[in-house]
Amino acid sequence: MPTAYVGIGSNLGDKRENCVEAVQRIREIPGCRLKQCSPWFLTRPVGVGDQGWYLNGAVSLDAEISAHELLAHLGEVESAMGRVRTAKWEPRIIDLDLLLLGQEIISDEDLQVPHPLMHTRRFVLVPMVHLAPQLIHPVLRRTMADLLEDLRREGQEVIPFEG
C-alpha cells in the first residue's frame, strides 16, 4: 500500500485549530489510514507580500485509493472547512496539497504528483524531513533531507510552533 504525503497550511482564523481539524477530517477519508503528523511550523508566505504567516505541517497516510480519489477527498475537506477559491495564492482557512503518493509520477490537467513546487519550498520540506528524511523524490531522485539542505533560507523562514 503506497504512502501518501499531504501538506497542510492555514493563515486565516485560528490557524492551529484549522490544521488540527483538517487532520481529523483526513483521518475519516475512506481507504486511507493516518500514519504520522509532523510538528507544526510558522512560515513566511512565499510568492506574496501582505499576508499573515502560515501554520504549516504535513501528514503521511497509507492510501488504498488513487491519487485522483485522494485529491477529490482533500478538496471536499477544504470545502467543508469553508475554503473558497477566488485567486491564486490568496489567504486561506485551509490548504491541503497532495505532495507525493508512493513513487507515482502523475501529470495531467487535474493533478501533478509529485507536487511540482515542493522541492522549492521550505514550508513543505521542513515537515517532510520530520516525517521521512530519507524518502526519495520520484523525479529528482534526491532525499527530502538533501533537497532541504540545498534550499535557501532567505525569504522562506520556518519557525517551530510552540502552541
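Everything below is about the structure printed above this text.
Reading the values: the criteria
- Residues numbered from 1 in each chain as written.
- Predicted model: local features only at pLDDT ≥ 70, side-chain atom pairs only at ≥ 80, totals over all residues.
- Heavy atoms only, no water.
- Helix = DSSP H or I, 4+ residues; strand = E, 2+ residues; numbered from the N terminus.
- Rg over C-alpha atoms; globule rule 2.2 N^0.38 Å.
- Contact = heavy atoms within 4.5 Å.
- Areas by Shrake-Rupley, 256 points an atom, 1.4 Å probe, with all protein chains shown as cover.
- Lys, Arg positive; Asp, Glu negative; His and termini not counted.
- Charge placed at Lys NZ, Arg CZ, Asp CG, Glu CD.
- Disulfide = S-S within 2.5 Å.
- Core = buried A, V, L, I, M, F, W, Y, C linked by side-chain atoms within 4.5 Å.
- Buried < 20%, exposed > 50% of the residue type's maximum accessible area, 1.4 Å probe, protein only.

Chemist: It is not clear to me how the overall build of the chain should be interpreted in this structure. Could you clarify?
Modeler: When you go through the chain residue by residue, the secondary structure sums to four helices and eight strands. Along its sequence from the N terminus, the chain presents helices and strands in the succession β-α-β-β-β-α-β-β-β-α-α-β. Relative to the 2.2 N^0.38 estimate, which gives 15 Å for 163 residues, the radius of gyration of the chain is 15 Å and therefore close to what a compact globule would have. A principal-axis box enclosing the C-alpha atoms of the chain has dimensions of 40 × 35 × 30 Å. Of the contacts formed within the chain by residues at least 6 apart in sequence, a portion of 67% connects residues at least 24 apart. For the chain, the exposed area adds up to about 8,300 Å²; of that, 50% sits on carbon and sulfur atoms. A distance of 5 Å separates the average location of the 17 positive side-chain charges in the chain from that of its 23 negative side-chain charges.

Chemist: Just to check I follow, could you spell out unusual backbone geometry for this structure?
Modeler: Apart from glycine, the bulk of residues carry a negative phi angle, and the bulk of peptide bonds sit in the trans form. With omega at 0 degrees, the peptide bond leading from V113 into P114 counts as cis. Position of P114 relative to the elements: it lies in the loop between β7 (112-113) and α3 (122-131). A positive phi angle, near 60 degrees, is found at R141, a position not held by glycine. For R141, the location among the structural elements is in the loop between α3 and α4 (144-150).

Chemist: What is the right way to read the state of the cysteines from this model?
Modeler: What is meant by a disulfide is a covalent connection between two cysteines, made through their sulfur atoms. Tallied over the full model, the rule gives zero disulfides. Left unpaired, C32 is separated from the closest cysteine sulfur, that of C37, by 15 Å. Left without a disulfide partner, C37 is nearest to the cysteine sulfur of C19, which lies 8.7 Å away.

Chemist: What exactly am I supposed to notice about the nonpolar core here?
Modeler: Across soluble globular proteins, you tend to see nonpolar side chains buried next to one another. If you look at the biggest cluster of nonpolar residues, it comprises 28 residues, and the most contacted ones within it are V6, I8, I26, L61, L70, L96 and L98. Among all residues touching L61, those that are not within four sequence positions of it are P2, T3, A4, V6, I26, C32, R33, L34, K35 and L70. Core analysis: the second largest hydrophobic core is formed by 19 residues, M118, V124, M128 and L148 among them.

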